[in-house]
Amino acid sequence: MVRDPVRGVSAAYGRGMPCSPSSPAFWRSPLRGPWFTSVLGVVLLVGITVLFVTGLVSYAAYNPDLSPVNDQTPDKGLLGFYLFSWPTDPSWLYRLTQGVHVTLGIVLIPVLLAKLWSVVPKLFALPPARSLAHALERLSLLLLVGGGLFEFTTGVLNVQLDYIFPGSFYPLHFYGAWVFFAAFLAHAVLKTPLALRNLRHLRDEHPREKGELVSPNPAEPTVSRRGALGVVGGGSLLLLGTTAGRSFDGPLRETAVLAPHGGPEPGGGPGGFQINKTAAYAGISPTETGEEAWRLVVTGRAGRSIRLARPQLLQLALHSSALPIACVEGWSTSDQWWRGVRLRDLAALVGDDDPVDVLVESLQRHGAFRRAALRANQVADPRSLLALFVNGEDLTPDHGYPARVIVPAAPGVLNTKWVARMTFGDL
Amino acid sequence: MRVPFGRPALGSPLQILLLACSFALAGYAGVRLFAGDWFGVALWFVGAALVHDLVLVPLYAGADRALAGALGAVGRRRWTLYVRVPAMLSGLLLLVWFPMISGQVADHYRSATGLSGDGFLSRWLLVTAVLFGGSAALLVLRLRRARKERPPAAH
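Residues numbered from 1 in each chain as written. Chains lettered and ligands numbered in written order. Predicted model: local features only at pLDDT ≥ 70, side-chain atom pairs only at ≥ 80, totals over all residues. Heavy atoms only, no water.

Points about the overall build of chain B
So, point 1. What chain B contains, in helices and strands, is six helices and zero strands.
So, point 2. Taken from N to C terminus, the helices and strands of chain B fall in the order α-α-α-α-α-α.
So, point 3. Here chain B has a C-alpha radius of gyration of 25 Å; the compact-globule value for 155 residues is 15 Å, and the former is much larger.
So, point 4. By its C-alpha atoms, chain B is 75 × 60 × 25 Å across when sized along the principal axes.
So, point 5. Counting over 155 residues, chain B shows a buried share of 30%.
So, point 6. Contacts in chain B between residues far apart in sequence, at least 24 positions, make up 34% of those at least 6 positions apart. (Helix = DSSP H or I, 4+ residues; strand = E, 2+ residues; numbered from the N terminus. Rg over C-alpha atoms; globule rule 2.2 N^0.38 Å. Buried < 20%, exposed > 50% of the residue type's maximum accessible area, 1.4 Å probe, protein only. Contact = heavy atoms within 4.5 Å.)

See below:
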């Protein structure tokens, strides 16, 4: 066994054995100090701000204020103050914002863990509170740390379809984000000036740093502070390299070796691109999608209603558009070549020539988004289709045969598959 | 920061105002967060912090200290990094992708997405092998270079 060097040194300090984590000498790492914590803090300041904004943007992308069927958090109150009509341009908008949200979140995990590690002695510091302000700050840190870990954990579990958290993902992640961000904002206001000052004054790593995080009795270093930052950055790069590919097709997707929707595509051919929910999973049976059984019911604002079989739809003017699929889970496909009837042509068919919203219902009997609402600007876009074909062939069952919606820049779940009913009108 | 007996310290009023504002916003969102299974959510919220601070940190810090100690005992403390870095990176991947790697969502993943839920464990093991192998190769390379740079008398 090695002789524990703590004994001798701490005796010299006159503190006895630092057996309690509330004693500063208990923490031996020579890495801890204001410089290391400040660098990580500033990275998180920028990174978490981007995560929060892209998260809010994702909520807006669902057009939750359009119809209750789009809103998983109807009791949001003032937290929906910023909502706006989600645009259809550029068509890769949601692909970009949500890809950044999820990929950046995963990439920031090592930074978050390193930051928490760097300040862990403060958690055990005594006395618990020096003043009222200090007591409140420590309480706020529980919201900050608990909230941060809660957000990262629910996000990471959700993209892996591991729904073990206590409730539906949307309200947990949305309201949790606001609780976390409230604490994050206070922490940023209180600490950012100090962090920036630290970085300015301690431009290089300082062997003689001072501050409550610096161990009074540091162990012999095995790595420099810069080296440790390099390891954290390496962890982020490794996660980036094994995750980012899920936002692309072909060989790039193959690089995402551990991320869901990474690796090889689900089969080849025209329909061989990523599937969110298969027909079997959604409970869609071939008997209800067959030519005999399936009819599309289209209803207009004035109540005019028509029933169309697939051959009748094929008689209508067919148009093509190249659009991606982008999922809230952060994965996306590149543009697929869709062909079908324009949504606005279907609206005109039942007498709605003006811009109008639409409620789309699927054959699906369960699932949060078996019904979805699209706004008038989405219906009016000439690229928005009720698609019947993809990449030159009939839709496959897993991609929504006999007919599915595809709208530029909309989140994947609003591109309803196995469409049975479309009701135009002011929602 | 001793205060006169009987008079509780207040601290910065500005800080108190800022934190009160933060708590109010957190409370507004919090009542909505806790509207469903409040106990489960509270458990996850506080549990996440506790599991991190009282289980995860002591676990990896303890493992790291044991590693540095063991290598130090055989006079190879400088090698610590060559074990620590691949172990950390591999552990990080395991932590983030545990549901996929452990296979606990494999069936659900396959039925929902049409993709294979198997193979995540083997791919993680392969990545881990590459990480440790690369680190070992780097160490050997550096040791050989150091030996070459040493004067021949040292042989």
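Re the domain arrangement of chain A
All names here are of chain A.
So, point 1. Domain annotation for chain A reports domain 1 (6-246) and domain 2 (279-425).
So, point 2. For domain 1 versus domain 2, the separation of C-alpha centres amounts to 41 Å.
So, point 3. Counting residues at the interface gives 31 residues for domain 1 and 31 residues for domain 2.
So, point 4. Taking both sides of the interface into account, the surface hidden between domain 1 and domain 2 amounts to around 2500 Å²; carbon and sulfur atoms contribute 54%.
So, point 5. Of the charged contacts in the structure, one is a salt bridge between Arg 383 and Asp 89, with a shortest N-O distance of 3.2 Å.
So, point 6. Every element with two or more residues in the side of domain 1 that touches domain 2 is listed here: helix 2 (34-61), helix 3 (93-107) and helix 6 (132-159).
So, point 7. If you tally residues by element for the side of domain 1 that touches domain 2, the top one is helix 3, at six residues. (Domains from an automatic or database assignment. Buried area = accessible area lost by both parts, 1.4 Å probe. Salt bridge = Lys/Arg side-chain N within 4 Å of Asp/Glu carboxyl O.)

A look at the pattern of salt bridges
As a working rule, side chains carrying opposite charge can pair if their charged atoms are close by.
All names here are of chain A.
So, point 1. Tallied over the entire structure, the rule returns 16 salt bridges over all chains.
So, point 2. A salt bridge links Arg 253 to Asp 249, with the nearest nitrogen and oxygen atoms 3.0 Å apart.
So, point 3. With a closest N to O distance of 3.1 Å, Asp 426 and Arg 301 form a salt bridge. Remark: Arg 301 occurs in the loop between strand 1 (296-299) and strand 2 (305-308) and Asp 426 occurs in the segment after strand 10 (419-425); sequence separation between them is 125 residues.
So, point 4. Residue classification places Asp 426 among the exposed residues on the basis of a relative accessible area of 58%.
So, point 5. Connected via shared salt-bridge partners are Asp 89, Asp 381 and Arg 383.

Notes on empty space enclosed by the protein
Residues and elements named next belong to chain A.
So, point 1. In total, this model carries three cavities of 30 Å³ or more according to the counting rule given.
So, point 2. Considering only enclosed or pocket space, the largest cavity measures out at about 590 Å³ in volume.
So, point 3. Taken together, the elements giving at least two residues each to the lining of the largest cavity come down to helix 2, helix 3, helix 6 and helix 7 (169-201).
So, point 4. Here the lining of the largest cavity gets eight residues from one element, more than from any other, and that element is helix 7. (1 Å grid on protein atoms, 1.4 Å probe; cavity = no way out; pocket = protein on both sides within 12 Å on 5 of 7 lines; lining within 4 Å. Points joined across faces, edges and corners; volume = space filled by probe spheres on them.)

Focus: the sheet that holds strand 5 (residues 357-362) of chain A
Residues and elements named next belong to chain A.
So, point 1. Here we have five strands laid out as an open sheet, ordered 2-1-10-5-6, and mixed in their pairing. Edge positions in the sheet fall to strand 2 and strand 6 (371-374), since each has one partner strand and no second. Going across the sheet, the axis of each strand differs from the next one's by a mean of 15°, ignoring polarity.
So, point 2. As judged from the six bridges shared by strand 5 and strand 10, these two strands associate in the antiparallel manner. Residue Asp 357 lies in a different strand from strand 10, and its bridge partner there is Gly 425. (Pairing = 2+ DSSP bridges. Axes fitted to C-alpha atoms, helices over the stretch in contact; angles between N-to-C directions.)

A look at the environment of Val74(B)
So, point 1. Note on placement: Val74(B) falls in the loop between helix 2 (38-73) and helix 3 (80-96).
So, point 2. Sequence spacing of Val74(B) and Ala146(B) is 72 residues, and the spatial spacing of their C-alpha atoms is 19 Å.

A word on the interface of chain A and chain B
So, point 1. On the side of chain B, 62 residues touch chain A, which itself brings 79 residues to the contact.
So, point 2. Together, the buried faces of chain A and chain B total about 6100 Å²; carbon and sulfur atoms form 76% of this surface.
So, point 3. Considering only the surface of chain A that becomes buried against chain B, Gln160(A), Thr222(A) and Leu258(A) emerge as the three largest contributors, covering 12% of it.
So, point 4. Taken together, chain A and chain B are joined by one salt bridge.

Some words on the nonpolar core
So, point 1. Judged by nonpolar contacts, the single largest core of 83 residues is most densely connected at Phe174(A), Leu33(B), Leu93(B) and Trp97(B).
So, point 2. Looking at this core, the element that brings in the most residues is helix 7 of chain A, giving twelve residues.
So, point 3. With residues near it in sequence (within four places) discarded, Leu33(B) still touches Phe150(A), Pro171(A), Leu172(A), Tyr175(A), Gly176(A), Val179(A), Val41(B) and Phe45(B).
So, point 4. If you look at the next biggest cluster of nonpolar residues, it comprises 55 residues, including Leu93(A), Ala279(A), Ala420(A) and Phe424(A). (Core = buried A, V, L, I, M, F, W, Y, C linked by side-chain atoms within 4.5 Å.)

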